[in-house]
Amino acid sequence: MSRKKLLLKIVAGIAGFAGVMILTIVIAPIIEYQGSVSPKYSKLLSPVIESTENAISESNPQDFTKVSNWFEGETPGSFQNSNVTFYSLSIPKLKIENATVAIGGDDLSKHLIQYPGTALPGKRGNAVVFGHSILPIFYNPKDYISIFSTVPSLKKGDEIFVSYDGVEFIYEVDSFIEVFPTDIQILEQDSSDSFLSLVTCVPPGDPRRPKRLIVKARIVPPGI
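First, a word on what this report is: a plain description of the structure on this page. (Residues numbered from 1 in each chain as written. Predicted model: local features only at pLDDT ≥ 70, side-chain atom pairs only at ≥ 80, totals over all residues. Heavy atoms only, no water.)

**What to know about unusual backbone geometry**
Just so we agree on the cut-off: Secondary structure elements follow DSSP: runs of H or I of four or more residues count as helices, runs of E of two or more count as strands, with numbering from the N terminus. Relative accessibility decides the category of a residue: with a 1.4 Å probe and only protein chains considered, values under 20% of the type maximum give buried, values over 50% give exposed, and everything between is partly exposed.
Cis peptide bonds are those with omega within 30 degrees of zero, and the linkage from Val202 to Pro203 qualifies with -5°. By secondary structure assignment, the location of Pro203 is in the loop between β8 (194-202) and β9 (211-219). Although it is not a glycine, Asn98 sits at a positive phi angle of roughly 50°. Tracing the chain through its elements places Asn98 in strand β3 (residues 96-103). In this structure Asn98 comes out as partly exposed when scored by relative accessible area, which is 48%. A positive phi angle is found at Asp165, which is not glycine, with a value near 55°. With respect to the helices, strands and loops of the structure, Asp165 is situated in the loop between β6 (159-164) and β7 (167-179). Asp165 sits in the exposed class, given a relative accessible area of 69%.

Right, dumping it as structure tokens:
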């Protein structure tokens, strides 16, 4: 075998190996989520799964850095960016420290976003906070494009700290729910206590963004 042919064979082998590794990095987290993580969560899934998955496809791409694309149908509030106020959110388990949450707005590449019309932190009701996610291997708690990539690793009892208007509130993770984009009832308010819901697309890294994971936390009363 000539040196040139041997070199070409080596290059082809390296390229093939690199291709397999890239596919593994991209596909493995999705398979792991579907196989071992997703089954642990409660499901609140509408019966229109097929039409929902078809609507979000490569032929009909969505920009998921915009909150307005995350759910389908009538949703509360406005996506205007004027007069937006901010507070901070920390999740020690995920190494998220003082992440900025905008009350309203639409651009998840700049900060987390609290959905318009949901309760303010510390008040009775449900503060619903959206965060973007990508492949967990690229997770960076300081980058808002990847900030919620490891939210599925949270467990019941994990703490979330919110600093709002000079007051710090502590929430504890209580439950997990998976929904489709048509299941907008997760945005409804529950006035029995003060809740905080984290919302991100799952499986992390799946370009179709077929489902939404809601991590619901309950406020810890002062002094406990």
